[in-house]
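# Observations on chain architecture
Here is how the chains run, residue by residue.
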Amino acid sequence: MINIADPIIGEEEKKAVLEVLESGMLAQGKKVKELESAFADYCGTKYAVALNSGTAAIHAAVFSLGVGPGDEVIVPPFTFVATANPVLMLGAKVVFADVREDDFMLDPSEVEKKITKNTKAIIPVDLYGNVHSVDEIKALANKSNLAVLSDSCQAIGAEFRGRRVGSLSDVSCFSLYATKNIISGEGGMVVTDSEEIAERCRRFRHHGQSEKTKYEYTDLGYNYRMTDLCAAVGVEQMKKIDRLTQKRIENAETFGSELFSVNGLVLPTVGRDVRHVFHQYTLRVTNEFPMSRDELAKFLKENGIDTGIYYPKPLHLYSHFSKLDYKKGDFPVAEKLAGEVLSLPVHPLVTKEDAKKIVKTIYPYV
Ligand SMILES: *Cc1c(COP(=O)(O)O)cnc(C)c1O
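Computed from a predicted structure; not experimentally measured.

Okay, the layout of surface pockets next. The calculated volume of the largest pocket comes to roughly 370 Å³. As for the largest pocket, its lining consists of 23 residues, of which Phe80, Gln154, Tyr177, Lys180 and Tyr311 are closest to the centre. Per-element tally for the lining of the largest pocket: the top contributor is helix H3 (residues 54–64), with 3 residues. A domain-level breakdown of the lining of the largest pocket finds at least three residues from each of domain 1 (11–238) and domain 2 (241–365).

This part is about the site of the ligand. The immediate surroundings of the ligand are formed by 16 residues, with Gly54, Thr55, Asp151, Ser175 and Lys180 found nearest. In this structure, Ser175 approaches the ligand through a side-chain N or O atom, which is 2.7 Å from an oxygen atom. Between the ligand and Lys180, the relevant distance is 3.1 Å, taken from an oxygen atom to a side-chain nitrogen or oxygen of the residue. Coverage of the ligand by the protein chains reaches 93% of its 380 Å² of free accessible surface. Using a 2 Å cut-off from the grid points, one finds that the ligand occupies the largest pocket. Ranked by residue count, the leading element in the shell around the ligand is H3, at 3 residues. Residue composition of the shell around the ligand, grouped by class: 6 nonpolar, 8 polar and 2 charged.

Across the sheet, which stays open at both edges, the 7 strands sit in the order E1-E9-E8-E5-E4-E2-E3 with mixed pairing between neighbours. Two strands in the sheet have a free side with no partner beyond their single neighbour: strand E1 (47–51) and strand E3 (93–96). For this sheet, the mean inter-axis angle between neighbouring strands, taken without regard to orientation, is 25 degrees. Pairing of strand E8 (residues 171–175) with strand E9 (residues 188–192), which is carried by 5 bridges, proceeds in the antiparallel orientation. Looking at E9, one finds that Ser175 is bridged to Gly188.

Right, let's talk about the sheet that holds strand E11 (residues 274–275) for a bit. With antiparallel pairing, the 3 strands of this open sheet are ordered in space as E7-E6-E11. Of all strands in the sheet, those bounded by a partner on one side alone are strand E7 (163–164) and E11.

What follows concerns empty space enclosed by the protein. Applying the stated criterion to the full structure yields 2 cavities of 30 Å³ or more. Put simply, the largest cavity is a space of about 120 Å³. Around the largest cavity, the lining is made up of 17 residues, and of these Asp6, Thr179, Lys180, Asn181 and Arg248 lie nearest the centre. Split by residue class, the lining of the largest cavity holds 8 nonpolar, 6 polar and 3 charged. Here the lining of the largest cavity spans two domains, and each of domain 1 (11–238) and domain 2 (241–365) adds at least three residues to it. Here the second largest cavity defines a volume of roughly 40 Å³. Lining the second largest cavity, in full, are Asp103, Phe104, Leu127, Tyr128, Asn130, Pro268, Thr269, His276, Gln280 and Thr282.

One can find Thr79 in the loop between strand E2 (72–75) and helix H4 (85–89). Owing to a relative accessible area of 2%, Thr79 belongs among the buried residues under this scheme. At a separation of 2.7 Å, a polar atom in the side chain of Thr79 contacts the side chain of Thr83. For Thr79, the residues in contact, after removing those within four places along its chain, are Val125, Leu127, Asp151, Tyr311 and Leu315.

Taking 1.5 Å per residue as the helical rise, helix H1 (residues 11–23) with its 13 residues ought to reach 18 Å, and the 18 Å between its terminal C-alpha atoms agrees with that figure. Among all positions in H1, only Glu13, Ala16 and Val20 are buried. Within H1, the buried residues cover an arc of 65 degrees as seen down the axis, which keeps them to one side. Among the exposed residues of H1, those oriented more than 90 degrees off its buried face are Glu11, Lys15 and Glu22. Where H1 is buried, its residues contact helix H2 (30–43) and helix H8 (228–259). Phi for Gly24, located one or two positions after H1, is positive at around 80 degrees.

Rules behind the numbers
- Residues numbered from 1 in each chain as written.
- Predicted model: local features only at pLDDT ≥ 70, side-chain atom pairs only at ≥ 80, totals over all residues.
- Heavy atoms only, no water.
- 1 Å grid on protein atoms, 1.4 Å probe; cavity = no way out; pocket = protein on both sides within 12 Å on 5 of 7 lines; lining within 4 Å.
- Points joined across faces, edges and corners; volume = space filled by probe spheres on them.
- Helix = DSSP H or I, 4+ residues; strand = E, 2+ residues; numbered from the N terminus.
- Domains from an automatic or database assignment.
- Near = heavy atom within 4 Å.
- Polar contact = N/O pair within 3.5 Å; in protein donor to acceptor, adjacent residues only side chain to side chain.
- Areas by Shrake-Rupley, 256 points an atom, 1.4 Å probe, with all protein chains shown as cover.
- Sits in = over half its atoms within 2 Å of the grid points.
- Nonpolar A, V, L, I, M, F, W, Y, C, P; charged D, E, K, R; others polar.
- Pairing = 2+ DSSP bridges.
- Axes fitted to C-alpha atoms, helices over the stretch in contact; angles between N-to-C directions.
- Buried < 20%, exposed > 50% of the residue type's maximum accessible area, 1.4 Å probe, protein only.
- Contact = heavy atoms within 4.5 Å.
- Expected span 1.5 Å × (residues − 1).
- Arc of directions from axis to C-beta.

Laid out in structure tokens, this is it:
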């Protein structure tokens, strides 16, 4: 089976974890610091704060912007649930704005309609490893004095006009979950140029404890610390990131050059000036294709090819959001995409032969 995701753990990661185990210092320590500094360097930001998941990173980042009850945060409905949940965890309101059909990104013209005097922040998502409409979202935020928090959990290494994701927004969040482009098992990272945001995130992950005085708590906080065991894996993965990303891009190019002519399949578009890092290679299977999306997924599986559907249902239709008065029909693009998307295995362990096999398996059915 060609899996939809496969972690790549080499001897370097094993050795690094063993060193931490033998050091006797397992929790947050110098490996976490090393990973933070590698991340900040890589993204071109002043600060990086490690947390124990991407969700914790988003929670800390939203908190660091001062979002609380009475505030509204604009989020796309077509994303992973962890983009939006932290807003609810802080007692604020999730306001959805629809995405664009052609590139799955938050639609700036929809965002504009949703801004009110209570809006505090916008969370664009760099879904699948693409980059959101940086200039347009930033212009809207500047006009209304809002913060931009990028959910870049799927987009480490992506670039816009030669600048890396992480450096494009007020604050950005990454995930190092076991299936992401680089991994630590579970893990997350907040990057920013703001000292205040970084400081608030560091306190948030450690019970709200003051950085100066032990057992002095200045905020409500959690235990969201990353362990040195996980960070040790992350540090080694950072060293391999360019090679790993390049392989994803090459696989995407193989799919793109072979599948573009297939009637009924819409291939992912890469925006101008964007380096897309293909966390997922996501097709749209439209009505013109001879099989339904689910039939194609089943057929590929029978032929040894695993696929993924990210995501089968837009967020506004889940009960904890629909109770905020959202209903079917509110976000037609997100709803349409949820029925059409299908992700092919694009990760670095997919060989050129695997990629060709995937293409050949799809071809007889066009
Ligand atoms: C993975 C992911 C998250 C959450 O990260 P975890 O590390 O799994 O908590 C949030 N948003 C998006 C878009 C993701 O892909």
